[in-house]
Amino acid sequence: MPEEEAVTDNRPGPNSSEPDQTNRNDTYADRHLERKYGAVWDFYRKHKTSLWYIFRSILLAGYLAIVIAACALNFHRALPLFVITVAAIFFVVWDHFMAKYEHQIEELLSPGRRLLDSHWSWLKWVIWSSLILGVVFWLIFDTAKLGQQQLVSFGGLIMFVILMFLFSKHPTKVRWRPVFGGIGLQFLLGLIILRTGPGFMAFQWLGKQVQTFLEHTDAGASFVFGENYTDHYLAFKFLPMLVFFTAVMSMLYYLGLMQWIIRKIGWLMLVTMGSSPVESVVAAGGIFVGYTESPKLVRPYIQHATKSELHAVMTTGFATMAGDVLGIYISFGISPVHLLSTLIMSAPMSLAVAKLFWPETETPKTTIRDAMKMEMGDSRNLLEAASHGASSCIFLVTHIAVNMIAFLALLSFVNAALSWFGNMFDYPQLSFEMICSYIFMPVSFMMGVDWQDCFMVAKLIGYKTFLTELVAYERLSELMSLRKEAGPKFVDGVQQYMSIRSETIATYALCGFGRPDALGLAIKTLTLIAFFRRDDITAVAVRALIAGIISSFMMGCIAGILSSTPVDINCHHTLENAFASGLPLNTTDVVSCCQSLLKSTVAVGPGEVIPGGYHSLSSLKNCCELLKPSTLNCTWIPDQL
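- With an unreviewed UniProt entry as reference, the protein is termed Sodium/nucleoside cotransporter, source organism Equus przewalskii.
- Check the Subcellular location (unreviewed entry) section of the UniProt entry for the protein; it says "Cell membrane".
- Quoted verbatim from the Sequence similarities (unreviewed entry) field of the UniProt record, the comment on the protein reads "Belongs to the concentrative nucleoside transporter (CNT) (TC 2.A.41) family."

**Observations regarding the overall build of the protein**
Piece 1. On a plain count of helices and strands, the protein comes out with 27 helices and 4 strands.
Piece 2. For the protein, the proportion of its 641 residues judged to be buried stands at 42%.
Piece 3. Long-range contacts, defined as pairs at least 24 residues apart, comprise 73% of the intrachain contacts of the protein with a sequence gap of at least 6.
Piece 4. For the protein, the exposed area adds up to about 34,500 Å²; of that, 66% sits on carbon and sulfur atoms.

**A closer look at the environment of Leu242**
Piece 1. Looking at the element boundaries, Leu242 is found in helix H9 (residues 233-255).
Piece 2. The spatial distance from the C-alpha of Leu242 to the C-alpha of Asp324 is 5.7 Å, given a sequence separation of 82 residues.
Piece 3. Apart from the residues lying within four places of it in its own chain, the contact partners of Leu242 are Asp324, Val325, Ile328, Cys393, Leu396, Val397 and Ile400.

**Considering the nonpolar core**
Piece 1. Met314 and Tyr473 are the most contacted members of the largest nonpolar core, which totals 127 residues.
Piece 2. When residues in this core are grouped by element, the largest group, 16 residues, is from helix H24 (residues 534-562).
Piece 3. Those residues in contact with Met314 that lie beyond four places of it in its chain are Ala522, Ile523, Leu526, Ile537, Val540, Ala541 and Ala544.
Piece 4. Grouped together as the second largest cluster of nonpolar side chains are 19 residues, Tyr497, Val609, Leu626 and Leu632 included.

**Some remarks on a nonpolar patch on the surface**
Piece 1. Taken together, Leu60, Tyr63, Leu64, Ile68, Leu81, Ile89 and Val93 make up a surface patch of nonpolar side chains, about 590 Å² in accessible area.
Piece 2. Take the nonpolar patch: its biggest share by element is 4 residues, from helix H3 (residues 48-73).
Piece 3. With respect to the helices and strands, the residue Leu60 is situated in helix H3.

**Some points on helix H20 (residues 454-466)**
Piece 1. Between its first and last C-alpha atoms H20 spans 18 Å; for 13 residues at 1.5 Å apiece the expected length is 18 Å, and the two agree.
Piece 2. A large share of H20 lies buried, amounting to 10 of its 13 residues.
Piece 3. Taken as a whole, H20 has its buried residues at Cys454, Met456, Val457, Ala458, Leu460, Ile461, Gly462, Tyr463, Lys464 and Thr465.

**What to know about the pattern of salt bridges**
Two side chains with opposite charge may pair up if their charged atoms get near one another.
Piece 1. What the rule picks out here adds up to 6 salt bridges.
Piece 2. Between Lys355 and Glu279 there is a salt bridge, with the nearest N and O atoms lying 2.5 Å from each other. Placement of the pair is Lys355 in helix H15 (residues 336-357) and Glu279 in helix H11 (residues 277-285), with a sequence separation of 76 residues.
Piece 3. Using a relative accessible area of 7% as the deciding quantity, one classes Lys355 as buried.
Piece 4. By relative accessible area, which is 2% here, Glu279 ends up buried.

**Here we look at H24**
Piece 1. Here H24 is 29 residues long and its end C-alpha atoms lie 41 Å apart, about the 42 Å a rise of 1.5 Å per residue gives.
Piece 2. Considering bend angle alone, the principal kink of H24 is centred on Ala541 and spans about 35°.
Piece 3. For H24, the tally of buried residues reaches 21 of 29 residues, placing the bulk of the element in the interior.

**So, unusual backbone geometry**
For residues other than glycine, phi is negative in most cases, and the peptide bonds are mostly trans.
Piece 1. Positive phi, close to 60°, is recorded for Asp426, a residue that is not glycine.
Piece 2. With respect to the helices and strands, Asp426 occurs in the loop between helix H18 (394-423) and helix H19 (432-446).

**So, the packing of aromatic side chains**
Piece 1. As enumerated under the stated definition, the model contains 19 aromatic pairs in all.
Piece 2. On the numbers, 5.3 Å between centres and 25° between planes, the contact of Trp176 with Phe180 is stacked. Of the two residues, Trp176 and Phe180 both sit in helix H6 (residues 176-195), 4 residues apart, roughly one turn of that helix.
Piece 3. For Trp176, a relative accessible area of 31% puts it in the partly exposed group.

**Topic: the state of the cysteines**
Piece 1. Going through the model one piece at a time under the given rule, you end up with 2 disulfides.
Piece 2. Note on cysteine connectivity: Cys594 is disulfide-linked to Cys623, with sulfurs 2.1 Å apart. Taking the torsion about the S-S bond as the criterion, the Cys594 to Cys623 disulfide, at about -65°, is left-handed. Residue Cys594 is located in helix H26 (residues 588-600), and its partner Cys623 is located in helix H27 (residues 617-627); the two are separated by 29 residues in the primary sequence.
Piece 3. Of the residues examined, Cys594 reaches a relative accessible area of 0% and is grouped as buried.
Piece 4. Sulfur-sulfur distance for the disulfide between Cys624 and Cys634 comes to 1.9 Å. Disulfide Cys624-Cys634: torsion about the S-S bond near -90°, hence left-handed. Of the two residues, Cys624 is situated in helix H27 and Cys634 in the segment after H27; the sequence distance between them amounts to 10 residues.
Piece 5. In this structure Cys624 comes out as buried when scored by relative accessible area, which is 0%.

The rules behind these values
Residues numbered from 1 in each chain as written. Predicted model: local features only at pLDDT ≥ 70, side-chain atom pairs only at ≥ 80, totals over all residues. Heavy atoms only, no water. UniProt positions renumbered as here; feature names shortened; annotations may be inferred. Helix = DSSP H or I, 4+ residues; strand = E, 2+ residues; numbered from the N terminus. Buried < 20%, exposed > 50% of the residue type's maximum accessible area, 1.4 Å probe, protein only. Contact = heavy atoms within 4.5 Å. Areas by Shrake-Rupley, 256 points an atom, 1.4 Å probe, with all protein chains shown as cover. Core = buried A, V, L, I, M, F, W, Y, C linked by side-chain atoms within 4.5 Å. Patch = residues over 30% accessible without salt bridge, like charges linked within 9 Å, V, L, I, M, F, W, Y side chains within 5 Å. Salt bridge = Lys/Arg side-chain N within 4 Å of Asp/Glu carboxyl O. Expected span 1.5 Å × (residues − 1). Bend = angle between axes of the 7 residues up to and from the residue. Phe/Tyr/Trp six-rings, centres within 6.5 Å; stacked < 30°, edge-to-face > 60°. Disulfide = S-S within 2.5 Å.

In structure tokens:
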């Protein structure tokens, strides 16, 4: 018993002091951990910036090592990664450099600016005269090399500028710097893209990358709609591209990358053209998003915008082609090079036309710093941003689908009604396309389209203006396919396709959302942003629509001035080899050379035919049999002179 009692006495009881000792040990351990991790936390707070720099430097070094390794293994394969990396490094360094030394640079350049201001009264005339002389000499040499069609396009550009000036809201208040600055900037971009080898190759490469990127839509479309989804090409192939593109754009907005790109482009137009900050940002945004989304980039400042700014905001929406529909047109078979250049070149041209048709008579209230502050979006993470972007595209997809159904059905009905009406006068071929051909034929000609192709381009413009640009580009792709097949150019007296030059001009002229049905949606969008400005928005809307349409026509003129068709190849060698060696004749080079030869041929009568370009009669006869033109009787061509 005593031993048991001893054991029992050693057990902790309710009144024992051992629990207090345990609590004291736990408290000591907690304090020890607090001191230990508190020291780590204090170290992190003191060196937070340095630690972040070290972490970012490690990530950057790892990324650069991956880029270098990829380039060393296969530079051609790693070219996209290399280009993206170099561009990102350049702009990041530029941003940091300007943020740190902007004031010093301004002070350094201020003496030169004061000198220019003091002599600007006569210096501006010297600059304008030099530019005019440069354009004149360039046109002379270019016309001597490529023919007179470039002069027609230049005359069309001048004609549209004069017309917009005569019908301007305030002709005496026009500031010519935004007008000529916008046209000049577009001309410079077009010159780099269309006339220089590196520029054309760069955009050709970029177009292939965009096409490859958008082809990833097929994975989602085939999973949802099945492997035979291409049987319904528009609904299950084209429209899913919009969903994919919008989701990616929403992710880029969440990351802030799109805002950064738009700020850079907007700043470039603001500096070169002298447009207001609101106009510049919206025009830059129109390159990537549609006319209903770009005004939301400057949502807080729309309510303070002047009437001229409201007009410019709507004009840029009608004249630009958003990147979200780019994939659809590329999948139609339209040249990615021309579509991408159209996408970029349309922004400065739309601002130039807008400031000519409704000049600024007030003082803009929004500063450049305010306009460049764009919202980051309300998504909480990257996946939510992608989901939100895809969901927000539902309206756009359904809008395109129902409009295609409605407009094509209406077109069929209108054509049937016109044919019925024309049949009463023994003219059953009367149609909507024929009416558009006669209405827009002068416009097509002034853009520099070959006279033989003017009616076909006028039809496309009619589709775009009164129906939708989707129908117009789809019909253009059909014409391009027929040309590539190199079949007879005329069947039963009906022209089947047109020249490459005419196709190029049409690609630029069809750019934009300038059509009557887009007017209501644009008014609704701006009214929701600034309801109390609805009267001003409605007042400028019709003029903005007209300006947007004219801007597309002027785009066509620029394309006509700068386009150099593939006839620049040695056509003598091409035709002689093609017809003599039995090579396939359905090539683009042969058709282009034959079109050039037939166009330059002079036919007086039977046996009196003079081939153009010092070509042989045999080449002329073979081309005539290949294309079967309606403008030349092939039987008139003699076997020899």
